[in-house]
Amino acid sequence: NAERFAGKTLLRCAVVTSFADLRPVPGSDCIIFESDEFSREGTAALNFPVHFAGNVDVESLPGLKESGFAGAVALESVWNYADPLKAWRNLYGG
C-alpha cells in the first residue's frame, strides 16, 4: 500500500553522494544523487531511476536530461531565490 500525499503516490528514494554508491537500494523506488557534478558515463548504464540534486537550475536541466538522469531535485535553487514562487515557475514552466 503506497503512501499518498495530495492524491499522488510518494516515492521512497535513497540519497547517495558518490558515483561508487550508485546502485539499487532495497526498498527504494529511486536514487537521488547529491553532488556538484554529473557525468553521462555515471548514469548511462544504470537500469534504475537516478534523480540529480545539486545546483539544479533552468540552465542545468537540459544537460541533466542528456546525461541520463530520470529527474532533478531543485531545492536550494528555489529556496534561496529572492522570489521562490517565480523560481519554481521558471523551473517547471508554471
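To be clear, the structure that these remarks concern was listed above.
Read on for an overview of the structure. (Residues numbered from 1 in each chain as written. Predicted model: local features only at pLDDT ≥ 70, side-chain atom pairs only at ≥ 80, totals over all residues. Heavy atoms only, no water.)

Considering the overall build of the protein chain
Alright, step 1. Of regular secondary structure, the protein chain possesses 4 helices and 6 strands.
Alright, step 2. Reading the secondary structure of the protein chain in the N-to-C direction produces β-β-β-β-α-β-α-β-α-α.
Alright, step 3. For the protein chain, the residues scored as buried account for 28% of the 94 residues in total.
Alright, step 4. Considering only contacts in the protein chain between residues 6 or more positions apart, those separated by 24 or more positions represent 19%.
Alright, step 5. Counting only carbon and sulfur atoms, one obtains 53% of the accessible surface of the protein chain, whose full area is about 6600 Å². (Helix = DSSP H or I, 4+ residues; strand = E, 2+ residues; numbered from the N terminus. Buried < 20%, exposed > 50% of the residue type's maximum accessible area, 1.4 Å probe, protein only. Contact = heavy atoms within 4.5 Å. Areas by Shrake-Rupley, 256 points an atom, 1.4 Å probe, with all protein chains shown as cover.)

Some details on the sheet that holds strand 6 (residues 71–73)
Alright, step 1. Here 4 strands make up an open sheet; going across it, the order is 3-4-5-6 and the pairing parallel. Edge strands, defined here as strands with exactly one partner in the open sheet, are strand 3 (13–16) and strand 6. The average angle at which neighbouring strand axes cross in this sheet is 30°, direction not considered.
Alright, step 2. Note that strand 3 and strand 4 (residues 30–34) share 4 bridges and pair parallel. Bridge pairing links Cys13 to Cys30 in strand 4. (Pairing = 2+ DSSP bridges. Axes fitted to C-alpha atoms, helices over the stretch in contact; angles between N-to-C directions.)

What to know about the side chain of His51
Alright, step 1. Here His51 is to be found in strand 5 (residues 50–53).
Alright, step 2. The class of His51 is buried, set by a relative accessible area of 17%.
Alright, step 3. Beyond its immediate sequence surroundings of up to four residues, His51 is in contact with Cys30, Ile31, Ile32, Phe33, Phe69, Ala70, Gly71, Ala72 and Val73.

Re the nonpolar core
Alright, step 1. Leu22, Ile31, Phe33, Val50, Phe52 and Phe69 are the most contacted members of the largest nonpolar core, which has 15 residues in total.
Alright, step 2. Elements that contribute at least two residues to this core include exactly strand 3, strand 4, strand 5 and helix 4 (84–92). (Core = buried A, V, L, I, M, F, W, Y, C linked by side-chain atoms within 4.5 Å.)

Describing the layout of surface pockets
Rolled over the atoms, a probe as big as a water molecule pinpoints where empty space is left.
Alright, step 1. When its volume is computed, the largest pocket comes out at roughly 230 Å³.
Alright, step 2. Lining the largest pocket are 12 residues, and of these Ala53, Gly54, Asn55, Leu75 and Glu76 lie nearest its centre.
Alright, step 3. Classifying every residue of the lining of the largest pocket gives 6 nonpolar, 3 polar and 3 charged. (1 Å grid on protein atoms, 1.4 Å probe; cavity = no way out; pocket = protein on both sides within 12 Å on 5 of 7 lines; lining within 4 Å. Points joined across faces, edges and corners; volume = space filled by probe spheres on them. Nonpolar A, V, L, I, M, F, W, Y, C, P; charged D, E, K, R; others polar.)

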